[in-house]
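# A closer look at the structure
Listed below are the residues making up each chain.
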Amino acid sequence: MVLSLIAGASLCQGQNFSEVKPSPQTSEWQDLEFGVIIHFGTNTFLDREWGDGTADPKVFNPTQADPEQWVKAAKAAGAKYVVMVAKHHDGFALWPTGQTDYSIKNSPWKGGKGDLIRETSDAAKKYGLGFGVYLSPWDRHDPRYSDAAAYDKYYLALLDELSSNYGNLTEFWLDGAGSGGHVYDFKKIIEELRVSQPNVQVFADTALFEYGDIRWVGNEAGTIPFQNWNVIDRHGYLRWRPVEVDTPLHKLHWFWHPNDEATLKSVDELVKTYEESVGRGGQLMLGLAPDSRGLLPDADVRRLAEFGDAVRKMHANDLAKQHLTLDANAKNAFDDDPDTFWSAPAGSHASTLEVAFAKPVTFDRAETMEWLNDGQHVQEYAIDAMEGGTWKTVARSYAIGHKKVDSFPAVTATKVRLRIIASSSEAHIRELRLYRTP
Ligand code: FUL
């Protein structure tokens, strides 16, 4: 009795939302802000989103598959890493696995000698992007799926190949789709993954709640529709688990489909998605889909470059840099150095970071970043601009987190202040940036 009380007490230690901190690996991952996920497989050739596992491997026959083209297009969009769907729900493996014949080994592509995971990870490395994989737990082809223990063994063997043969993985995607009712030994799966990939960030939706480092946003529309706090309660214990926002470049389509040009998202739609994902402290995971040639369609490549240009232009001129002299502490919020931050007075729960300008600056967008290594502390804040000698509040909101974008009608100000209205302990502000929308 006494022992169980003591054990219960120790479980409760540190269970305070603002005391939970990210791991160094998760912080590093959050700094990437934007990745892409690539869907390519038998579905590409059969006009399908969810293959039923009966497709003949011979249908997989791209004539010009070029992972370097995919990676270059992702990089032009501003993505920092690529996640490749190694096996989707149809069970077809895009690498020459030794665990099943249902793979590219039995396709006509490169006479069965190709390896798309190798080519894509090599391309990512060549262009300086991170690499990750998606391995669908749900499998509509493999007969072992009906026997939970046999399938776990199979899945583990696939995972071992992916986690030991393709270098460091940035992210591992565990997709809950379709698995309703099937029980997997996720504990074992994650344990095994960690042996060769101790730093990989595991994405998992709510069905696989216990196992992820990163959580699903809950929709595929490209938006975080809530105040974004990084720490969530997992069945009674707290864990730092940031949000990933996955959404495809073509509306509702993760795989390529013929005559699908009309679903290609516009630059404005993509920028809105960026603002509502990265701009709300989350990670953007944009879905790309090579066509039956094995190339991203020209229009997609162009759109990705246009999107990247639009985001770069939005950030071309940080007006906050025109501030007058600041003390060393405040300067840290305007230096673009991710390792420095302005710290509010120790122990404070409210504070102000203020800058003045020699000449008035006109802006309609503010980007604020919290230094999160010590936890997420800012609970409520406002941005005020001094216009015509009086302070005017242009934005007021709750969580800041990794990054927070606030947009408002343009103001012309001689001074700007970030007012921390409530924070669980002193605020740590990594950057405060001001922009005029081009
Ligand atoms: C979903 C899957 O069902 C879709 O086909 C796609 O792979 C998406 C990224 O995740 O859960």
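Residues numbered from 1 in each chain as written. Predicted model: local features only at pLDDT ≥ 70, side-chain atom pairs only at ≥ 80, totals over all residues. Heavy atoms only, no water.

## Quick notes on the domain arrangement of the protein
Worth spelling out the cut-off: Source of the domain bounds: an automatic or database domain assignment. Residue contacts are counted whenever heavy atoms from the two residues lie within 4.5 Å of one another. Two parts placed together each lose some accessible area; with a 1.4 Å probe, that loss summed over both constitutes the buried area. The rule for a salt bridge is simple: a side-chain nitrogen of Lys or Arg has to be within 4 Å of a carboxyl oxygen of Asp or Glu.
When its domains are assigned, the protein resolves into domain 1 (3-314) and domain 2 (319-435). For domain 1 and domain 2, the distance between their C-alpha centres works out to 34 Å. In this assembly, 20 residues from domain 1 lie in contact with 22 residues from domain 2. Between domain 1 and domain 2 the total buried area reaches about 1,600 Å² when both faces are included, carbon and sulfur atoms providing 47% of it. Three residues, Ser-18, Gln-227 and Trp-229, lead the burial of domain 1 against domain 2; their summed loss comes to 27% of the area buried on that side. Across the contact surface, domain 1 and domain 2 share four salt bridges.

## A look at empty space enclosed by the protein
Our working definition: Any residue with an atom within 4 Å of a point lines the site, the site being either a cavity, points on a 1 Å grid over the protein atoms alone where a 1.4 Å probe fits but cannot get out, or a pocket, an open set with protein on both sides within 12 Å along at least 5 of 7 lines. Grid points are joined across faces, edges and corners, and a volume is the space filled by probe spheres set on the points. In DSSP terms, a helix is any run of H or I states spanning at least four residues, a strand is any run of E spanning at least two, and both are numbered starting from the N terminus. Any residue outside Ala, Val, Leu, Ile, Met, Phe, Trp, Tyr, Cys, Pro, Asp, Glu, Lys and Arg is labelled polar, Gly included; the first ten of those are nonpolar and the last four are charged.
Overall, the coordinates contain one cavity of 30 Å³ or more when judged by the stated rule. Put simply, the largest cavity is a space of about 60 Å³. Forming the walls of the largest cavity are Phe-40, Gly-41, Thr-42, Asn-43, Val-85, Lys-87, His-88, Asp-90, Phe-92, Leu-94 and Phe-255. If you list the elements that add at least two residues to the lining of the largest cavity, you get α3 (42-46) and β2 (81-87). For the lining of the largest cavity, the class distribution of residues is five nonpolar, four polar and two charged.

## Section: the layout of surface pockets
The calculated volume of the largest pocket comes to roughly 540 Å³. Taken together, 24 residues form the lining of the largest pocket, with Asp-31, Glu-33, Lys-80, Tyr-274 and Lys-403 sitting closest to its centre. Elements represented by at least two residues in the lining of the largest pocket include exactly α2 (24-32), α9 (298-314) and β16 (428-435). Top element by residues in the lining of the largest pocket is β16. It accounts for four residues. Classifying every residue of the lining of the largest pocket gives eight nonpolar, four polar and twelve charged. Of the domains in this structure, domain 1 (3-314) and domain 2 (319-435) are the two that each give at least three residues to the lining of the largest pocket.

## Digging into the site of the ligand
Selection rule: A molecule or strand has a residue near it when one of that residue's heavy atoms lies within 4 Å. Whenever a nitrogen or oxygen atom comes within 3.5 Å of another N or O atom, the pair is scored as a polar contact, on the condition that within protein one atom can donate a hydrogen and the other can accept it, and that pairs from neighbouring residues in sequence are kept only if both atoms are in side chains. Accessible areas in this description were obtained via Shrake-Rupley with a 1.4 Å probe; residue shielding takes into account the shown protein chains only.
Close to the ligand lie His-39, Trp-50, His-88, His-89, Tyr-134, Trp-173, Asp-175, Ala-177, Glu-220, Asp-246 and Trp-254. Within the side chain of Trp-50, an N or O atom sits 3.0 Å from an oxygen atom of the ligand. The contact in question runs from an oxygen atom of the ligand to an N or O atom on the side chain of Tyr-134, over 3.4 Å. Compared with its free state, where it exposes 290 Å², the ligand has 92% of that area covered by protein. Classifying every residue of the shell around the ligand by side-chain character gives five nonpolar, three polar and three charged.

## Digging into helix α5 (residues 116-126)
Stated formally: A 1.4 Å probe rolled over the protein chains alone gives each residue an accessible area, and that area as a share of the maximum for its type sets the label: buried under 20%, exposed over 50%, partly exposed in between. What the arc covers is the set of directions going from the helix axis to the C-beta atoms.
All of the buried residues along α5 are Leu-116, Ile-117, Thr-120, Ser-121, Ala-123 and Ala-124. Projected onto a plane normal to the axis of α5, the buried residues spread over an arc of 160 degrees and lie on a single side. Along α5, exposed side chains directed more than 90 degrees from the buried face belong to Lys-125 and Lys-126. Looking at the buried positions of α5, the neighbouring elements they touch are α4 (67-77), β2, β3 (130-135) and α6 (148-165). Where α5 begins, the capping side chain belongs to Asp-115, and its oxygen is found 3.0 Å from the backbone nitrogen of Ile-117. Positive backbone phi, approximately 75 degrees, marks Gly-128, located one or two places after α5.

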